[in-house]
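Residues per chain are reported as follows:
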Amino acid sequence: MERIIGRKLITLDEVDSTNEYAKRIAQNVPEGTVVVAKRQTAGRGRRGRNWTSPEGGLWLSVVLKPPRVDPRLVFVGALAVVDTLADFGIESGIKWPNDVWAGGRKISGILTEGKAGEYSILGIGLNVNNAIPEELRKMATSMREILGREVSLSEVFHTLVGNLDHWYGLFLNGRDGEIVSALKERSIILGKEVRIIDDKAELVGRAVDIDVDGALVLETPGGRVRVLHGDVSLRFL
Ligand code: BT5
C-alpha cells in the first residue's frame, strides 16, 4: 500500500509550534505532510499548557484529512510512539488519552486539533536527546536518560513516521476495534484508581475499561461512568 504519512516533509530549524505551522498550511498541502522542527519557541500541550521543546527532541505535526473527525486519532499517535520506543528497546505504556510514559515518567505527549471537514493535525512531542528542565525532572524523562546514551534523532524520526503510517492505515480502514484493543493492552491505567479533571467537575473511580469509542470507563461509587476524552486530564491517586 502506498505510504501516506511522510509523503511530504517540511523541516524547520525553529518554529513557534509545529501544530500552528501545520494548521497554517493544512489546506495547501497533501494529507500526510509532516512538519518537523529542531526547536519550538511556543510548543503547546492541551488547554494552552506549555510543551518544553529544546533542541535534541522530536517535535512534529502531521496534516491529516480523515473522512471523519474522530477522537481516536490521538491513539494513532500514542500507539506509534509506543512501537517506536519498543523498536529502540524501551518499554512504555499509554496513559489515556494522550500521554506515553516510560520508567514511571512522561516521555511523550500527543496533541490533536482540527477543523471539522477540513483537516486534523496530529502533533507529537517525544523527548529523545533533549535536556529536561529542572522543574519537570520528577515527572518527565527522555530516551537518552533511559538508554544511558544518545540515539539518532533521524532514526527515531523515520521509525515513528513508519509506525504512524501503519496505525493511520488501520484507522482509515475502520479497524477501530484493533486500535482500541492495542490501546488497552498498552494502557498503564486500567485497574488503577484515578481522578478525572475537566473545567466543570472532578470524578474519582477505578479505570476498568476503554470502550470501542475510545471512552474511559470508570467504576465510581455511583456506578459506571463513561468519560469521553476531549479535554480531560487524568491523575493517579
Ligand atoms: C501534551 O499536553 O502532552 C501534548 C504535547 C504535544 C506536544 C507536541 S510537540 C509537536 C506539536 N507542536 C506543539 O506545539 N505541540 C505538539 P498535556 O497533556 O496538556 O501535557 C502538558 C504538560 O506536560 C505540561 O503542563 C508539563 O507539565 C508537561 N511537559 C511539558 N513539556 C514536557 C516535555 N518536554 N516532556 C514531558 N512533559 C512535559
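Residues numbered from 1 in each chain as written. Predicted model: local features only at pLDDT ≥ 70, side-chain atom pairs only at ≥ 80, totals over all residues. Heavy atoms only, no water.

1. What to know about the overall build of the protein chain
Helix and strand counts for the protein chain stand at five helices and 12 strands. Its C-alpha radius of gyration of 17 Å places the protein chain within 12% of the 18 Å reference for a compact globule of 237 residues. Oriented by its inertia axes, the alpha-carbon framework of the protein chain measures out at about 50 × 40 × 30 Å. Relative to its full complement of 237 residues, the protein chain shows a buried share of 53%. Put simply, of all contacts in the protein chain between residues at least 6 apart along the chain, 63% involve residues at least 24 apart. Entry remark: accessible area of the protein chain is about 10800 Å², with carbon and sulfur atoms responsible for 48%. Across the protein chain, the mean location of the 32 positive side-chain charges is 2 Å away from that of the 32 negative side-chain charges. (Helix = DSSP H or I, 4+ residues; strand = E, 2+ residues; numbered from the N terminus. Rg over C-alpha atoms; globule rule 2.2 N^0.38 Å. Buried < 20%, exposed > 50% of the residue type's maximum accessible area, 1.4 Å probe, protein only. Contact = heavy atoms within 4.5 Å. Areas by Shrake-Rupley, 256 points an atom, 1.4 Å probe, with all protein chains shown as cover. Lys, Arg positive; Asp, Glu negative; His and termini not counted. Charge placed at Lys NZ, Arg CZ, Asp CG, Glu CD.)

2. Let's talk about helix α1 (residues 18–25)
Regarding α1, the residues found buried are T18, N19, A22 and I25. For α1, the arc enclosing every buried residue in end-on projection is 135°, short of the 170-degree limit, so these residues lie on one face. Buried positions along α1 lie against β1 (9–15), β2 (34–40), β3 (58–64), β6 (105–115) and β7 (119–126). The opening residue of α1, the one whose side-chain oxygen lies 3.2 Å from the backbone nitrogen of N19, is S17. (Arc of directions from axis to C-beta. Polar contact = N/O pair within 3.5 Å; in protein donor to acceptor, adjacent residues only side chain to side chain.)

3. Digging into the environment of L172
Mapped onto the elements, L172 comes out in helix α4 (residues 153–172). Since its relative accessible area comes to 32%, L172 is described here as partly exposed. Along the backbone, L172 and P66 are 106 residues apart, and their C-alpha atoms lie at a distance of 7.2 Å. If we skip the residues at most four places from it in the chain, L172 touches I4 and P67.

4. Side note on the side chain of S61
Mapped onto the fold, S61 is located in strand β3. By relative accessible area, which is 0% here, S61 ends up buried. Here T18 takes part through its side chain, which lies 2.7 Å from a polar atom of the side chain of S61. At a separation of 2.6 Å, a polar atom in the side chain of S61 contacts the side chain of N19. With residues up to four places along the chain from it excluded, the contact list for S61 reads T18, N19, A22, T33, V34, V35, I121, L122 and G123.

5. What about the side chain of K106?
Here K106 shows up in strand β6. Polar side-chain contacts of K106 include one of 2.9 Å to the side chain of D99. The residues touching K106, leaving out its near neighbours within four places in the chain, are W51, D99, V100, W101, N127, M139, A140 and T141.

6. Overview of the pattern of salt bridges
Applying the stated criterion across every chain, the model contains 27 salt bridges. Between E20 and R44 there is a salt bridge whose closest N-O contact spans 2.5 Å. In this pair, E20 sits in helix α1 while R44 sits in the loop between β2 and β3, placing the two residues 24 residues apart along the sequence. In this structure E20 comes out as partly exposed when scored by relative accessible area, which is 23%. (Salt bridge = Lys/Arg side-chain N within 4 Å of Asp/Glu carboxyl O.)

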